[in-house]
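Letter by letter, the chains look like this.
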Amino acid sequence: MLVERIVIYGRMIKFSHSVFALPFAFSGAALAALEAEIRLAQVFWIVVAMVGARSAAMGFNRLVDREIDAANPRTAARELPLGRISPAAVRVLVAFSSAALILAAWRLNPLCFALSPVALGIVFVYSYTKRFTWATQFFLGLALSVAPIGAWIAIAGSLDAEILLLGGAVLAWVSGFDIIYACQDVEFDRGHGVYSIPQRFGVLRGLAIARALHAISFLLMVAVGVLFGLGIVYAAGLVFVAGLMVYEHRLVRPDDFSKLGVAFMNVNAAISAVFFVFTLGDVLWR
């Protein structure tokens, strides 16, 4: 029974999607380790903070979107619309996860602790943006860009301008793939007052904007390598990342979203994992 409940909660918050942000958080920590000592305890608390922040964000999002999800055929089978989890239980999950983030931030350093409410505010505000602005995908990108920036602060103890480059790369990357994901709901969004970039500009232009954002993301990743003096290992990783980004956009066409799941989940998980592995490899090589 307990295992079943854990599986249901994990499915509700899409725990598997942690593969998007967590590797970039570790990448931020690895870059910080070029200038500061990194300890195993810090890595542990970064993981706790990331899991807490993401669980709080997803739980809150499911809570405030439950009526929209129930009306959308694509999302009507989610746990809250089906009644498999009660709103009260989700509120408890959000409160517990938020507390986990704050505790982890407190254990890391004073600046992390002071900024933890800001991080929660950013991820919570995102859930409301689809109700009033087509730029909602950029708010999601901002929410996930906190991952490498927060991990940098956890190790370095300060917020430094150089890590904002990686934060910007994550913002553009996430915004781009969320635009692709939102293309499948354009007709529903237009009929129910839900805002998004594809809803505002159309699928064709939306996919073009996504390609531009991924190009910007890649250029910012290149700039990260230059700024931090990374070498051939990191450069090799960027070649793989570029190939994966191109592959992602080849999988999705304006008239065919049959491979959207592969593009969204598999390819983006590979991008984040590859970026981290080659970033860490370059740092260790140095």
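A short tour of the structure in this document, coming up. (Residues numbered from 1 in each chain as written. Predicted model: local features only at pLDDT ≥ 70, side-chain atom pairs only at ≥ 80, totals over all residues. Heavy atoms only, no water.)

### Some remarks on the pattern of salt bridges
Working step 1: For the structure on display, the rule yields seven salt bridges.
Working step 2: Of the charged contacts, one joins lysine 130 and aspartate 65 as a salt bridge, the two residues approaching to 2.6 Å between their closest N and O atoms. Of the two residues, lysine 130 is situated in the loop between helix 7 (110-129) and helix 8 (136-156) and aspartate 65 in the loop between helix 3 (40-64) and helix 4 (66-71); the sequence distance between them amounts to 65 residues. Grouping residues by exposure puts lysine 130 and aspartate 65 together as buried.
Working step 3: Between arginine 190 and glutamate 187 there is a salt bridge; the shortest N-O distance is 3.8 Å. Residue arginine 190 and its partner glutamate 187 are both found in helix 10 (residues 186-192); the two are separated by three residues, about one turn of the helix. (Salt bridge = Lys/Arg side-chain N within 4 Å of Asp/Glu carboxyl O. Helix = DSSP H or I, 4+ residues; strand = E, 2+ residues; numbered from the N terminus. Buried < 20%, exposed > 50% of the residue type's maximum accessible area, 1.4 Å probe, protein only.)

### Focus: the packing of aromatic side chains
Working step 1: Summed over the entire model, instances satisfying the criterion amount to 11 aromatic pairs.
Working step 2: A centroid spacing of 5.0 Å and a plane angle of 75° characterise the contact between phenylalanine 44 and tryptophan 45, whose relative ring orientation is edge-to-face.
Working step 3: For phenylalanine 44, a relative accessible area of 48% gives the class partly exposed.
Working step 4: A relative accessible area of 16% means that tryptophan 45 is categorised as buried.
Working step 5: Centroid distance tryptophan 173 to phenylalanine 177: 5.0 Å. Interplanar angle 75°. Geometry classified as edge-to-face. With tryptophan 173 and phenylalanine 177 both in helix 9 (residues 163-182) and four residues apart, this pair spans about one turn of that helix.
Working step 6: When its relative accessible area of 0% is taken as the criterion, tryptophan 173 is described as buried. (Phe/Tyr/Trp six-rings, centres within 6.5 Å; stacked < 30°, edge-to-face > 60°.)

### Details of the side chain of asparagine 268
Working step 1: Positionally, asparagine 268 belongs in helix 14 (residues 260-285).
Working step 2: Contacts of asparagine 268, omitting those with residues within four sequence positions, involve Phe20, Trp173, Phe177, Glu248 and Ala263. (Contact = heavy atoms within 4.5 Å.)

### Remarks on the packing of helix 3 against helix 6 (residues 87-108)
Working step 1: Interaxial distance between helix 3 and helix 6 falls to 8 Å at its minimum, and their mutual angle equals 155°. Looking at the two axes, helix 3 sits roughly antiparallel to helix 6. The crossing of helix 3 and helix 6 is left-handed. Seen from helix 3, the contacting residues are Gln42, Trp45, Ile46, Val48, Ala49, Gly52, Ala53, Ser55, Ala56, Gly59, Phe60 and Leu63; seen from helix 6, they are Pro87, Val90, Arg91, Val94, Ser97, Ser98, Ala100, Leu101, Leu103, Ala104, Arg107 and Leu108. (Axes fitted to C-alpha atoms, helices over the stretch in contact; angles between N-to-C directions. Parallel < 35°, antiparallel > 145°, perpendicular 65-115°, else oblique. Left-handed = near helix turned anticlockwise from the far one by under 90°.)

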